[in-house]
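Analysis of the macromolecular model
Read off the chains here:
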Amino acid sequence: MMPKNGRTNGQIPVIALRDITKVYQMGDVEVHALRGIDLEVYPGEMIAIMGPSGSGKSTLMNIIGCLDVPTSGTYELDGKDVSRLKDDQLAAIRNHKIGFVFQNFNLLPRTTAVANVELPLIYAGMGGRQRRKRAEDALRLVGLGDRLDHKPNELSGGQQQRVAIARALVNEPSMILADEPTGNLDTKTSIEIMELFQRLNQERGITIVFVTHNPETAEYCNRVVRIRDGLIESDETRQATAGIHAAKTHAVSSNGHEAVMVKERER
Amino acid sequence: MKVLEALRIAMRALAANKLRSVLTMLGIIIGVGAVIALMSIGRGVEKYVTDQFAGLGSNLLFIAPGQITEGPPSLRANPVRSLTLGDMLAIADRSRVPHVAAVAADFQTRVQVSRAGKTVTVQANATTPEYPLVRNWNTTIGSYFSTLDSDERQRVVVLGSETYQQLFPNNEYPIDQTVQINGMNFRVIGVMESKGGGPGGNLDRSVFLPLTTGQDRLFKQKTPNGEYRVTVIYASIDDSANIPAAQEAITELMRERRGIKYLDQDDFTIISQNDLISVFGDILGALTIFLGAIAAISLLVGGIGIMNIMLVSVTERTREIGLRKAVGAKRGDVLIQFLIEAMTLAAIGGMIGVALGWGLAQIVSTFFGEFQAVVGADAVVTSLVVATAVGLFFGIFPAFRASRLNPIDALRYE
Ligand SMILES: Nc1ncnc2c1ncn2[C@@H]1O[C@H](COP(=O)(O)OP(=O)(O)O)[C@@H](O)[C@H]1O
Ligand SMILES: [Mg+2]
């Protein structure tokens, strides 16, 4: 395994996984999807998780996203152990701390963009007017200020994924998790989406973890974690080599509750 | 999540599938509609009947030959022994029947009445002169015949209001005009107030003449030993509190007069207004139970329909549920969402049903002149509450299922 990044300034990781395993019981067969994952992700990082199909990427993302719990090991999110929480507690964490972006967008059909983006706020108990305003702001942030009342079937794939990203952003989560967000998009649109992620990461300091098959997509990240057979094969931190801010060496977190952070990037 | 929010989501989900929503509601619509319509009509009938009885005269006892339990006269094994004018006179004797205020006897038969080429077939009531007093019923034109008319067997007649209109279509002044009853000339001396239909037929379509005239001159239906045969005797009692006592005294007297032995059954019937009302009450009670059963069955069927569609809906919307959970919906949020959806479905169905039932009741009302269906607020509220409760009950299982879905599996669902 590659050495861990030198984060010596005592920051609390957003994500701290220790010896995480996940075993699926398929009848008599046990599928070991994760076999002992150790991973720390710090605020403001943008990480690509890569690996062959079936290596456990989605399983890992689901655990990080609190959609699932590990079979063993501990998971601290913002310094709080969430690996043994109950359904409803996990739901609350997903609502407040995590924004999830899916490969197939998962927008509610026949529902306007703004209503889709409002969804997490409904479950956060926010009132209608404030909700609408926040959702509109999020849509503007992803460049869809002129598509507020469009329904998914009136939007292109890239636009639908932007709506999904706005939905992930709207609750000001600690991180955005994206499982193959460009898997259903063409190259040009993929680039747009990756640039959007990168902008959100670099301008707003939002922590982003995403899964991708595509090495070119991984170019937008400053850290690439490779998984094989449920284990981390490599963990490489480097300068992002693609995208609008590829040359920048500093990222400033402006994400409300996070401390402002300046970080050295290494090659 | 607020209930209001769940309601909005439910309305949107139902609106997205309008036809299916309506079809799902159909069971509830029909159930509630039938109950509202039939209850309203039942209430209307009850009110109508009660009104009719109230018009019969207060504290009235009816004495009729035969046992009501033996069925109509034509079906009875033994011929019924008639009542006579003598029975009426005996009942009028206050030393035998205390509390009796007035009595009247009435012999009823059908007759043909004609005037100026018009002929109508109506009921003739050959009565004693006290009839209007006992029945608490007056004339609008002229007067009822007197004791003298009766004693002299005068050929005088008082017309029911409808019969008057039929025979005098131009509202001619009827007094002292001549009509023929079964071919015999009678002088019109009065017209009764309109009373409407009631138990025993529509008295507005009848004529009234002295019992003596009728039995001696017209019908010749005296008993073999020459007594005036009567169909019914009316006795009005001074106070409703005394009705049971009077009823008992009359029973005693009649048994004695008719020589009925100890333990043998009465061969006559005494009915009070209250008896009649309670008989109708029993009928309406049975009807209500019957309606309740219909309602229960149709609501059950409607409820199963709702459960079925909600299960389909939960399956269809598995991904939606998964997504909602992924962005923070708790089990309770999903549970409430689907429960409210089922309840909304049922409640809207209930409202449509109420409207439908109300419409049906109105249509029935327009077909029957005097009868008016009564749509009770209690019936409306009850059926809406019950319909919604049905939605709640049958929504529990699908909603529970939805709430337990695992978000990962749900999102992966195709
Ligand atoms: N719900 C499940 N039940 C059983 N096995 C599963 C389940 N989800 C994933 N797996 C198995 O776990 C392994 C890792 O799957 P996954 O995390 O989806 O891989 P990836 O996303 O990298 O393609 C695979 O072998 C897969 O078949
Ligand atoms: Mg996967």
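Rules used throughout
Residues numbered from 1 in each chain as written. Chains lettered and ligands numbered in written order. Predicted model: local features only at pLDDT ≥ 70, side-chain atom pairs only at ≥ 80, totals over all residues. Heavy atoms only, no water. Salt bridge = Lys/Arg side-chain N within 4 Å of Asp/Glu carboxyl O. Helix = DSSP H or I, 4+ residues; strand = E, 2+ residues; numbered from the N terminus. Buried < 20%, exposed > 50% of the residue type's maximum accessible area, 1.4 Å probe, protein only. Near = heavy atom within 4 Å. Polar contact = N/O pair within 3.5 Å; in protein donor to acceptor, adjacent residues only side chain to side chain. Areas by Shrake-Rupley, 256 points an atom, 1.4 Å probe, with all protein chains shown as cover. Expected span 1.5 Å × (residues − 1). Pairing = 2+ DSSP bridges. 1 Å grid on protein atoms, 1.4 Å probe; cavity = no way out; pocket = protein on both sides within 12 Å on 5 of 7 lines; lining within 4 Å. Points joined across faces, edges and corners; volume = space filled by probe spheres on them. Nonpolar A, V, L, I, M, F, W, Y, C, P; charged D, E, K, R; others polar. Contact = heavy atoms within 4.5 Å. Buried area = accessible area lost by both parts, 1.4 Å probe. Domains from an automatic or database assignment. Axes fitted to C-alpha atoms, helices over the stretch in contact; angles between N-to-C directions. Parallel < 35°, antiparallel > 145°, perpendicular 65-115°, else oblique. Left-handed = near helix turned anticlockwise from the far one by under 90°.

**Here we look at the pattern of salt bridges**
Following the criterion strictly, the structure yields 34 salt bridges over all chains and no others. Salt-bridge contacts for K22 of chain A lead to D68 of chain A; the nearest nitrogen and oxygen are separated by 3.3 Å. Of this pair, K22 of chain A sits in strand β1 (residues 15-26) while D68 of chain A sits in the loop between α1 (57-64) and β4 (72-77), placing them 46 residues apart in sequence. The same class applies to K22 of chain A and to D68 of chain A, which are both buried. Salt-bridge contacts for K222 of chain B lead to D216 of chain B; the nearest nitrogen and oxygen are separated by 2.7 Å. The exposure class assigned to K222 of chain B is partly exposed, which follows from its relative accessible area of 32%.

**What to know about the site of ligand 1**
Ligand 1 sits among 13 residues. The nearest are G54, G56, K57, S58 and T59 of chain A. With respect to ligand 1, the chains having nearby residues are chains A and B. The contact in question runs from an oxygen atom of ligand 1 to an N or O atom on the backbone of S55 of chain A, over 3.3 Å. In this structure, an oxygen atom belonging to ligand 1 sits 2.7 Å away from a side-chain N or O atom of S58 of chain A. Protein burial of ligand 1: of its 560 Å² of free accessible surface, 71% is covered by the chains. Going through the elements one at a time, β1, β2 (29-41) and α1 of chain A are the ones with two or more residues in the shell around ligand 1. If you tally residues by element for the shell around ligand 1, the top one is α1 of chain A, at three residues.

**A few points about helix α6 (residues 187-204) of chain A**
All names here are of chain A. With 18 residues, α6 extends 25 Å from end C-alpha to end C-alpha; this agrees with the ideal 26 Å at 1.5 Å per step. When α6 is considered as a whole, its buried residues turn out to be T189, S190, I193, M194, L196, F197, Q198, L200, N201 and Q202. Where α6 begins, the side chain of D186 points an oxygen toward the backbone nitrogen of K188, at a separation of 3.3 Å. At the C-terminal side of α6, G205 shows a positive phi close to 70 degrees.

**A look at the pairing of strand β6 (residues 156-159) of chain B**
All names here are of chain B. Residues V156 and V158 of β6 are buried on one face, and the alternating residues V157 and L159, pointing to the opposite face, are buried as well. Both β6 and strand β8 (residues 184-192) contribute to a ladder of four bridges, which runs parallel. Looking across to β8, one finds that V156 is bridged to R187. Taken together, the two bridges between β6 and strand β9 (residues 206-210) define a ladder with antiparallel strand orientation. Paired with V158 across the two strands is F208, which belongs to β9.

**Concerning empty space enclosed by the protein**
Considering all chains together, one arrives at five cavities of 30 Å³ or more under this definition. Size it by volume and the largest cavity reaches roughly 80 Å³. For the largest cavity, the full set of lining residues is R94, N95, I98, G99, F100, P120, R167, A168 and N171 of chain A together with A326 and V327 of chain B. Elements that contribute at least two residues to the lining of the largest cavity include exactly α2 (87-97), β6 (98-101) and α5 (157-169) of chain A. Looking at the lining of the largest cavity, the element that brings in the most residues is β6 of chain A, giving three residues. The class makeup of the residues in the lining of the largest cavity is six nonpolar, three polar and two charged.

**Considering the interface of chain A and chain B**
Contacts between the two partners involve 24 residues from chain A, matched on the other side by 23 residues from chain B. Summed over both sides, the interface of chain A with chain B buries roughly 2100 Å², with 57% coming from carbon and sulfur. Of all residues in chain A, L67, D88 and Y123 of chain A bury the most surface against chain B, accounting for 28% of the area lost on that side. For the interface between chain A and chain B, the tally reads two salt bridges. The partner of R131 of chain A in a salt bridge is E5 of chain B, and the shortest N-O contact between them spans 2.9 Å. Run the count over chain A and chain B and you get eight residue pairs in polar contact (both at pLDDT 80 or more).

**Remarks on the domain arrangement of chain B**
The domains assigned to chain B are domain 1 (3-52 + 278-412) and domain 2 (100-237). A separation of 55 Å is found between the C-alpha centroids of domain 1 of chain B and domain 2 of chain B.

**Side note on the packing of α5 of chain A against α6 of chain A**
Residue and element names in this part refer to chain A. Here α5 crosses α6 at 20 degrees, and the two axes come no closer than 10 Å. Classified by the angle their axes make, α5 and α6 are roughly parallel. Considering the relative orientation of α5 and α6, their crossing is right-handed. Across the interface between the two elements, G158, Q161, R162, I165 and L169 of α5 pack against T189, E192, I193, L196, F197 and L200 of α6. Looking at the contact of α5 with α6 residue by residue, the classes come out as six nonpolar, three polar and two charged.

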